[in-house]
There are 2 protein chains.
Amino acid sequence: MRLSLHGKQMTVDQTFEYYLKRKSLKMTQERKVILDEMSGSDRHFGPEDLLIQLREKGKRVSRATVYRTLDLLVDSGVVKKVCLGPQQFYYESLAKKEQRHSHLVCVKCGKIIEFSDQATEERLVRICQENQFEMTSRCFQVFGFCSKCK
Amino acid sequence: MRLSLHGKQMTVDQTFEYYLKRKSLKMTQERKVILDEMSGSDRHFGPEDLLIQLREKGKRVSRATVYRTLDLLVDSGVVKKVCLGPQQFYYESLAKKEQRHSHLVCVKCGKIIEFSDQATEERLVRICQENQFEMTSRCFQVFGFCSKCK
DNA sequence: TTGCTTGCAAAGCATTTGCAGGGTA
DNA sequence: TACCCTGCAAATGCTTTGCAAGCAA
């Protein structure tokens with residue numbers, strides 16, 4: 001997926017760089033590393049998972065920086081932040097996702113079932129418009145129990 | 001709203017009492033107090049809010065007991081637990097709600113806009129069935145920015 | 001050089017848990 | 001009398017923050 005700006009198509013990298021410039025922020029090694037890792041992934045994961053992935057590749061970034069950078073990525077629009085459970089946020093790259101999709105979240109075992117339902121999502125977009133509400137997550141969450149945890 | 005069991009209608013109190021009996025648990029003063037407070041409310045609130053409400057009425061219950069009892073109320077089905085934001089759960093009594101309803105949650109200021117959309121909710125129920133998923137919250141959440149925080 | 005960034009450790013919250021004393025059936 | 005419950009304080013887990021040193025433009 002490519003993101004558009006002023007009608008032009010931009011890659012995820014370009015989008016983020018443009019965002020940094022606009023905010024007078026700098027592109028650092030750490031931010032590059034995190035952006036790359038996110039762009040290459042198409043799963044949800046928590047900050048801790050990301051940290052481990054990076055460590056495994058020998059790329060050392062502090063926990064604080066991961067949190068701070070993820071917030072920037074979300075703010076710039078290349079990553080979405082999703083509330084998937086008790087007390088943790090998950091992040092998901094928008095780079096590889098073809099479509100909006102939503103989640104059924106098992107509150108017991110944490111299993112996440114993705115689904116897409118165009119009609120529902122279109123309706124949801126309309127509801128947001130009616131309420132002058134701007135979706136950030138581009139998806140919705142339903143909490144409950146998966147088949148194993150019922 | 002009344003809850004049904006074996007085709008019979010039960011009040012919230014009866015439902016909870018029956019639940020306790022089934023689980024060999026006891027109806028204590030603290031549980032009564034919390035149940036009453038929940039039944040009388042039709043707003044979402046966090047455990048901390050509940051604690052303050054109770055204190056204001058001179059009813060002293062410990063934080064731990066509030067958490068423990070809310071879990072029981074959820075498990076018994078008279079209260080629903082909703083993930084509405086950063087790192088806090090909210091609870092909502094099912095006693096006064098006529099219908100299922102869902103939430104638009106502002107991730108900046110915490111404002112919560114409730115909405116109902118029957119078609120969407122029916123679709124959602126079907127999606128859950130297809131995935132053998134049992135909704136606990138009876139609603140879904142959409143995260144984003146309200147009109148003031150855009 | 002200026003001012004944004006980083007890493008570290010400490011702090012902050014919400015929530016859970018161990019334990020000793022107290023209450024319910 | 002047996003358990004179940006409560007309150008307290010400590011522990012836990014995720015996230016944020018203050019600060020001094022480091023780095024990009």
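Because the structure is predicted, anything quoted here is derived from the model rather than measured.

Colleague: How should I be thinking about the packing of helix α2 (residues 29-39) of chain B against helix α3 (residues 47-56) of chain B in this particular structure?
Modeller: To describe two helices that pack against each other, one gives the angle between their axes and the distance between the axes. Residues and elements named next belong to chain B. Relative orientation of the contacting elements α2 and α3 amounts to 105°, with a least axis distance of 11 Å. On the basis of the axis angle, α2 is roughly perpendicular to α3. Listed contacts from α3 to Val33, Ile34, Glu37 and Met38 of α2 are Leu50, Gln53 and Leu54. Residues of the contact of α2 with α3, tallied by class, amount to five nonpolar, one polar and one charged.

Colleague: So what exactly am I meant to see when it comes to the packing of helix α5 (residues 118-130) of chain A against helix α5 (residues 118-130) of chain B here?
Modeller: Orientation of α5(A) relative to α5(B), taken along the N-to-C sense of each, is 145°, at an axis distance of 10 Å. Our pair here, α5(A) against α5(B), has a crossing hand that is left-handed. Residues A:Ala119, A:Thr120 and A:Arg123 of α5(A) touch α5(B), and the partners they reach there are B:Ala119, B:Thr120, B:Arg123 and B:Ile127. Here the contact of α5(A) with α5(B) is composed, by residue class, of three nonpolar, two polar and two charged.

Colleague: Before we go on, may I ask you to explain the environment of A:Lys59 in this structure?
Modeller: All names here are of chain A. Position of Lys59 among the secondary structure elements: in the loop between α3 (47-56) and α4 (63-76). Classification of Lys59 as partly exposed rests on a relative accessible area of 35%. With 26 residues separating them along the chain, Lys59 and Val33 place their C-alpha atoms 7.7 Å apart. The contacts of Lys59, once residues within four sequence positions are left out, are Val33 and Leu54.

Conventions adopted
- Residues numbered from 1 in each chain as written.
- Chains lettered and ligands numbered in written order.
- Predicted model: local features only at pLDDT ≥ 70, side-chain atom pairs only at ≥ 80, totals over all residues.
- Heavy atoms only, no water.
- Axes fitted to C-alpha atoms, helices over the stretch in contact; angles between N-to-C directions.
- Helix = DSSP H or I, 4+ residues; strand = E, 2+ residues; numbered from the N terminus.
- Parallel < 35°, antiparallel > 145°, perpendicular 65-115°, else oblique.
- Contact = heavy atoms within 4.5 Å.
- Nonpolar A, V, L, I, M, F, W, Y, C, P; charged D, E, K, R; others polar.
- Left-handed = near helix turned anticlockwise from the far one by under 90°.
- Buried < 20%, exposed > 50% of the residue type's maximum accessible area, 1.4 Å probe, protein only.

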